[in-house]
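# Chains, contacts and geometry: an overview
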Amino acid sequence: MKPNARPNCPDFSSGPCAKRPGWSPEALKDAATGRSHRSKLGKKKLAEVIDRTRAVLGIPADYRIGIVPASDTGAVEMTLWSVLGARGVDVLTWESFGEGWANDVIKQLKLTDARTLNAPYGQLPDLQLVDWGRDVVFTWNGTTSGVRVPHADWIRDDREGLAICDATSAAFAMDLPWTKLDVVTWSWQKVMGGEGAHGMLVLSPRAVARLTSYTPPWPLPKLFRMTSGGKLSEGIFKGETINTPSMLAVEDALDGLRWGEEVGGLQGLIARSTANLTVIEKFVAERPWIDFLAATPSLRSNTSVCLNIVAPWFVQLDAKQQAAAAKKMADLLEAEKAGYDLGSYRDAPPGLRIWCGATVEAADLQALLPWLDWAYAEIEREFGAKAA
């Protein structure tokens, strides 16, 4: 039978993610709409985003923080185009975004001294094979695989290359070791539930030194340029954005940061995400038909939780039928307004993906879980016979 209760907020998308609890458009009433982003008010708000971000995440004072165009994707790509080519590069791939960065490095930039260290969805490559004499590009948390790196011990303190980390679904939910990282990127619409279109870019002093001492052999679009005349464009890291930002999105980012401070800062945000993962772990442990895509507990994401249907009847289906059954399950949940956007990423194995970041309430996850049982029973009735 269908459960009686539904989540108060059924938003479990992995991006854009759920707004913070209690959010309403009233939170944007002080936005600098109609004002230039280069006005005193506009610059003040953009600088406030940077300052609050530094404070909440504990970013070192000598690391630059910039607001850049085109979300996390823009932040990563302007980095790759600007710093790579000075030495060899290792790209770690275990999900679709890492594969995208490998494609950029090998097929777009056409770097010849590049190698990829691959692992299938649900696993990590052997991190001990990374060569820190080279630049290294990797995701801290695989948004599409539910796999994260468990620690930073594998990143050498005496590295010669740059550690370039896409942390878009990790920042604000995982404790990033800043001194081990040289470039870190993320977007507002992930853990903090902000509006999209803008990315965050953090540069260590080593990354700044690379930018100011190395000129790539290819032309750089204006949106990617972080230097001028061999010097860092410092304005970018003081809120003077390369292009025009949405002041509504800026206000929303500030609202999220203030909320993050209220719930205990970084440790409070991490605790909320971790508690949400615990809810899912208990549910999975009690059911034989579902399991984590990340089989190793220490690798499981506490934000983008990816689940497999492992019932024998489902495993016996061909790939097309598995995809259809998993899609039907997500569609049933959406039709019942029990949970939105729960399907796995298009390149990932068929299953479910539940966002458990800090803006999601544990009570809403608890209300969602009985609906997973109901939707599973529905697809078993429809597709189970096909596996017989």
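First things first, this report covers the structure right here in the doc. Keep in mind the model is a prediction, meaning the values are calculated, not measured. Within every chain, residues take consecutive numbers counted from 1 along the sequence as written. In keeping with the predicted nature of the model, local features appear solely for residues at pLDDT of at least 70, side-chain atom pairs appear and are counted solely at 80 or more, and the whole-chain, interface and lining totals rest on all residues. Derived side-chain values reflect all non-hydrogen atoms in the structure, with water molecules and hydrogen atoms excluded from consideration.

## Some remarks on the sheet that holds strand β4 (residues 135-139)
As a reminder of what qualifies: A pair of strands is labelled paired if DSSP reports no fewer than 2 bridges between them. Secondary structure follows DSSP: runs of H or I at least 4 residues long count as helices, runs of E at least 2 residues long count as strands, and numbering of each begins at the N terminus. Axis definition: a line fitted to C-alpha atoms, limited for helices to the stretch in contact. Angles are taken between N-to-C directions and run from 0 to 180 degrees.
A sheet is described by the order of its strands in space; here seven strands give the open sequence β1-β9-β8-β7-β4-β2-β3, paired in mixed fashion. Each of the sheet's edge strands pairs with one partner strand only, and the pair in question is β1 (64-69) and β3 (114-118). Averaged over all pairs of adjacent strands, the angle between strand axes in this sheet comes to 20°, irrespective of strand direction. Relative to strand β9 (residues 198-203), β1 runs antiparallel, the two being bridged by six bridges. In the strand pairing of β9, P69 is matched with H198.

## Remarks on a positive patch on the surface
For clarity, the threshold we go by: Residues form patches when they are more than 30% accessible in relative terms and have no salt bridge. Like charges link within 9 Å. Nonpolar side chains (Val, Leu, Ile, Met, Phe, Trp, Tyr) link within 5 Å. Per-residue and other accessible areas follow the Shrake-Rupley method at a 1.4 Å probe size, with only the shown protein chains counted as cover for residues. Put simply, a salt bridge is a Lys or Arg side-chain nitrogen that is within 4 Å of an Asp or Glu carboxyl oxygen. When charges are counted, Lys and Arg are positive and Asp and Glu negative, with His and the chain ends excluded. Here the site of a charge means NZ on Lys, CZ on Arg, CG on Asp, or CD on Glu.
A contiguous patch of positive charge, built from R38, K43, K222 and R225, is present on the exposed surface. Topologically, R225 is positioned in the loop between α4 (205-213) and β10 (227-228).

## Some remarks on unusual backbone geometry
Looking along the chain, the bond that leaves G15 and enters P16 is cis, with omega of -10°. Note that P16 resides in the segment before α1 (40-57). Phi at A197 takes a positive value of approximately 90°, unusual for a residue other than glycine. Along the polypeptide, A197 turns up in the loop between β8 (183-187) and β9.

## Details of the pattern of salt bridges
Note the threshold: Note on exposure labels: buried denotes an accessible area under 20% of the residue type's maximum, exposed denotes more than 50%, and partly exposed covers the range between, all computed with a 1.4 Å probe on protein chains only.
On inspection of all chains with the given rule, the structure shows 28 salt bridges. The closest approach of N and O atoms between R287 and E286, which form a salt bridge, is 3.5 Å. Residue R287 is classed as partly exposed on the basis of its relative accessible area of 22%. For R381, the salt bridge identified is with E378, shortest N-O distance 2.3 Å. Placement of the pair is R381 and E378 together in helix α9 (residues 362-387), with a separation of three residues, close to one helical turn. Owing to a relative accessible area of 57%, R381 belongs among the exposed residues under this scheme. For E378, a relative accessible area of 26% gives the class partly exposed.

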